[in-house]
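Tertiary structure, described
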Amino acid sequence: MQNIDELIARYIATWNETDRAARRTAIEELWSPDGVYTDPMAVAAGTDAIDATIAAVQEQFPGFTFSLAGPVDAHHDIARFTWELAQDGAEALVVGFDVAVITAEGRIDRVHGFLDKIPTGA
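Parameters at a glance
Residues numbered from 1 in each chain as written. Predicted model: local features only at pLDDT ≥ 70, side-chain atom pairs only at ≥ 80, totals over all residues. Heavy atoms only, no water. Salt bridge = Lys/Arg side-chain N within 4 Å of Asp/Glu carboxyl O. Helix = DSSP H or I, 4+ residues; strand = E, 2+ residues; numbered from the N terminus. Buried < 20%, exposed > 50% of the residue type's maximum accessible area, 1.4 Å probe, protein only. Pairing = 2+ DSSP bridges. Phe/Tyr/Trp six-rings, centres within 6.5 Å; stacked < 30°, edge-to-face > 60°. Axes fitted to C-alpha atoms, helices over the stretch in contact; angles between N-to-C directions. Parallel < 35°, antiparallel > 145°, perpendicular 65-115°, else oblique. Contact = heavy atoms within 4.5 Å.

**Side note on the pattern of salt bridges**
In total, this model carries seven salt bridges according to the counting rule given. The partner of Asp51 in a salt bridge is Arg24, and the shortest N-O contact between them spans 3.7 Å. With Asp51 in helix α3 (residues 47–60) and Arg24 in helix α2 (residues 20–30), this pair connects stretches of sequence that are 27 residues apart. By relative accessible area, Asp51 is classed as buried at 3%. With a closest N to O distance of 2.8 Å, Arg80 and Asp73 form a salt bridge. Three or more residues are tied together by salt bridges with common partners; here these are Arg23, Arg24, Glu28, Asp48 and Asp51.

Laid out in C-alpha coordinates, this is it:
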(Lines give C-alpha, C1' and ligand atoms only; values in the text may rest on other atoms or scores of the structure.)
Protein backbone atom coordinates (compact mmCIF):
# COMPACT_ATOMS: atom_id res chain seq x y z
CA MET A 1 0.00 0.00 0.00
CA GLN A 2 1.24 3.49 -0.82
CA ASN A 3 2.02 6.03 1.86
CA ILE A 4 -1.23 6.68 3.71
CA ASP A 5 -0.39 10.34 4.35
CA GLU A 6 0.01 10.85 0.59
CA LEU A 7 -3.25 9.03 -0.13
CA ILE A 8 -5.21 11.18 2.33
CA ALA A 9 -3.54 14.36 1.03
CA ARG A 10 -4.72 13.41 -2.46
CA TYR A 11 -8.20 12.72 -1.08
CA ILE A 12 -8.34 16.21 0.48
CA ALA A 13 -7.03 17.69 -2.79
CA THR A 14 -9.99 16.22 -4.71
CA TRP A 15 -12.34 18.25 -2.48
CA ASN A 16 -10.46 21.40 -3.51
CA GLU A 17 -10.17 20.62 -7.23
CA THR A 18 -12.55 22.93 -9.10
CA ASP A 19 -11.59 21.81 -12.61
CA ARG A 20 -14.26 19.21 -13.35
CA ALA A 21 -12.10 17.03 -15.64
CA ALA A 22 -9.09 17.09 -13.29
CA ARG A 23 -11.32 16.31 -10.30
CA ARG A 24 -12.95 13.40 -12.11
CA THR A 25 -9.57 11.96 -13.10
CA ALA A 26 -8.34 12.25 -9.50
CA ILE A 27 -11.47 10.56 -8.14
CA GLU A 28 -11.19 7.68 -10.59
CA GLU A 29 -7.52 7.16 -9.67
CA LEU A 30 -8.12 7.45 -5.94
CA TRP A 31 -11.41 5.64 -5.33
CA SER A 32 -12.50 2.08 -6.04
CA PRO A 33 -15.23 2.12 -8.74
CA ASP A 34 -17.91 1.16 -6.22
CA GLY A 35 -16.56 3.35 -3.41
CA VAL A 36 -19.00 5.01 -1.02
CA TYR A 37 -18.75 8.34 0.79
CA THR A 38 -21.16 8.78 3.71
CA ASP A 39 -21.64 11.65 6.14
CA PRO A 40 -24.67 12.98 8.06
CA MET A 41 -25.77 15.04 5.05
CA ALA A 42 -24.92 12.82 2.08
CA VAL A 43 -24.49 9.30 0.80
CA ALA A 44 -22.58 9.03 -2.47
CA ALA A 45 -22.17 5.58 -3.99
CA GLY A 46 -19.83 5.28 -6.97
CA THR A 47 -17.49 7.75 -8.61
CA ASP A 48 -20.28 9.69 -10.37
CA ALA A 49 -22.06 10.37 -7.09
CA ILE A 50 -18.81 11.18 -5.26
CA ASP A 51 -17.92 13.70 -7.97
CA ALA A 52 -21.41 15.25 -7.81
CA THR A 53 -21.21 15.50 -4.01
CA ILE A 54 -17.87 17.29 -4.14
CA ALA A 55 -19.19 19.69 -6.82
CA ALA A 56 -22.25 20.43 -4.66
CA VAL A 57 -20.10 21.21 -1.61
CA GLN A 58 -17.92 23.52 -3.71
CA GLU A 59 -21.05 25.29 -4.96
CA GLN A 60 -22.38 25.66 -1.41
CA PHE A 61 -19.05 27.03 -0.09
CA PRO A 62 -17.42 29.02 -2.94
CA GLY A 63 -13.93 30.27 -2.13
CA PHE A 64 -13.48 27.81 0.75
CA THR A 65 -10.81 25.11 0.87
CA PHE A 66 -10.38 21.88 2.77
CA SER A 67 -7.23 21.17 4.74
CA LEU A 68 -6.03 18.53 7.15
CA ALA A 69 -6.36 19.71 10.76
CA GLY A 70 -3.83 17.30 12.22
CA PRO A 71 -1.95 14.10 11.52
CA VAL A 72 -3.40 11.06 9.80
CA ASP A 73 -3.72 8.08 12.14
CA ALA A 74 -3.78 4.71 10.39
CA HIS A 75 -3.47 0.99 10.89
CA HIS A 76 -4.18 -1.99 8.68
CA ASP A 77 -6.61 -0.77 6.01
CA ILE A 78 -8.12 2.12 8.00
CA ALA A 79 -7.17 5.78 8.33
CA ARG A 80 -8.75 8.52 10.43
CA PHE A 81 -8.16 12.23 10.16
CA THR A 82 -9.67 15.60 10.99
CA TRP A 83 -10.20 18.24 8.33
CA GLU A 84 -11.33 21.85 8.19
CA LEU A 85 -13.19 23.91 5.62
CA ALA A 86 -12.31 27.61 5.67
CA GLN A 87 -11.54 30.67 3.61
CA ASP A 88 -7.88 31.71 3.52
CA GLY A 89 -6.80 33.06 6.89
CA ALA A 90 -10.22 32.65 8.49
CA GLU A 91 -11.42 30.37 11.26
CA ALA A 92 -12.83 27.07 9.99
CA LEU A 93 -16.55 27.23 9.23
CA VAL A 94 -16.84 23.44 9.12
CA VAL A 95 -14.74 20.83 10.93
CA GLY A 96 -15.07 17.12 10.30
CA PHE A 97 -13.57 13.77 11.09
CA ASP A 98 -13.33 11.03 8.46
CA VAL A 99 -12.52 7.35 8.62
CA ALA A 100 -11.32 5.91 5.32
CA VAL A 101 -11.20 2.22 4.45
CA ILE A 102 -8.48 1.41 1.92
CA THR A 103 -8.44 -1.52 -0.52
CA ALA A 104 -5.50 -3.91 -0.80
CA GLU A 105 -4.61 -2.06 -4.02
CA GLY A 106 -4.31 1.22 -2.11
CA ARG A 107 -7.53 2.86 -3.27
CA ILE A 108 -10.25 4.35 -1.11
CA ASP A 109 -13.24 2.04 -0.78
CA ARG A 110 -15.29 3.78 1.92
CA VAL A 111 -15.21 7.08 3.76
CA HIS A 112 -17.33 7.48 6.87
CA GLY A 113 -17.57 11.18 7.66
CA PHE A 114 -18.61 12.95 10.85
CA LEU A 115 -19.27 16.66 11.21
CA ASP A 116 -17.93 18.17 14.42
CA LYS A 117 -18.68 21.81 13.62
CA ILE A 118 -21.21 23.11 11.11
CA PRO A 119 -22.66 26.54 10.46
CA THR A 120 -25.86 27.36 12.32
CA GLY A 121 -28.83 26.39 10.19
CA ALA A 122 -26.86 23.94 8.03
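Now that the structure is up, let's keep going.
**Things to note about the pairing of strand β2 (residues 42–45)**
Direction of pairing for strand β1 (residues 31–39) relative to β2: antiparallel, over a ladder of four bridges. Bridging from a neighbouring strand, Asp39 pairs with Ala42 of β2. Hairpin remark: β1 followed by β2, antiparallel, with two residues in the connecting loop.

**Quick notes on the packing of aromatic side chains**
Per the stated rule, a full pass over the model turns up seven aromatic pairs. Seen in terms of ring centroids, Phe61 and Phe64 are 5.7 Å apart; in terms of plane orientation they differ by 70 degrees. Their pairing is edge-to-face. Given a relative accessible area of 14%, Phe61 falls into the buried group.

**Some thoughts on the side chain of Asp109**
Inspection of the secondary structure assignment puts Asp109 in strand β7 (residues 108–117). Of the residues examined, Asp109 reaches a relative accessible area of 19% and is grouped as buried.

**Thoughts on unusual backbone geometry**
Of note in the backbone geometry, His76 takes a positive phi value of approximately 50 degrees without being a glycine. Following the sequence through the fold, His76 ends up in the loop between β4 (73–75) and β5 (78–86). When its relative accessible area of 75% is taken as the criterion, His76 is described as exposed.

**Considerations on the packing of helix α1 (residues 4–16) against α3**
The N-to-C vectors of α1 and α3 enclose an angle of 60 degrees; their axes lie 8 Å apart at closest approach. Taken together, α1 and α3 sit at an angle that is classed as oblique. Across from Thr14, Trp15 and Asn16 in α1, the residues of α3 making contact are Thr53, Ile54, Val57 and Gln58.

**Description of the environment of Val101**
In this structure, Val101 sits in strand β6 (residues 94–102). Residue Val101 is classed as partly exposed on the basis of its relative accessible area of 21%. The contacts of Val101, once residues within four sequence positions are left out, are Asp77, Arg107, Ile108, Asp109, Arg110 and His112.

All we've got here are geometric facts, nothing functional implied.
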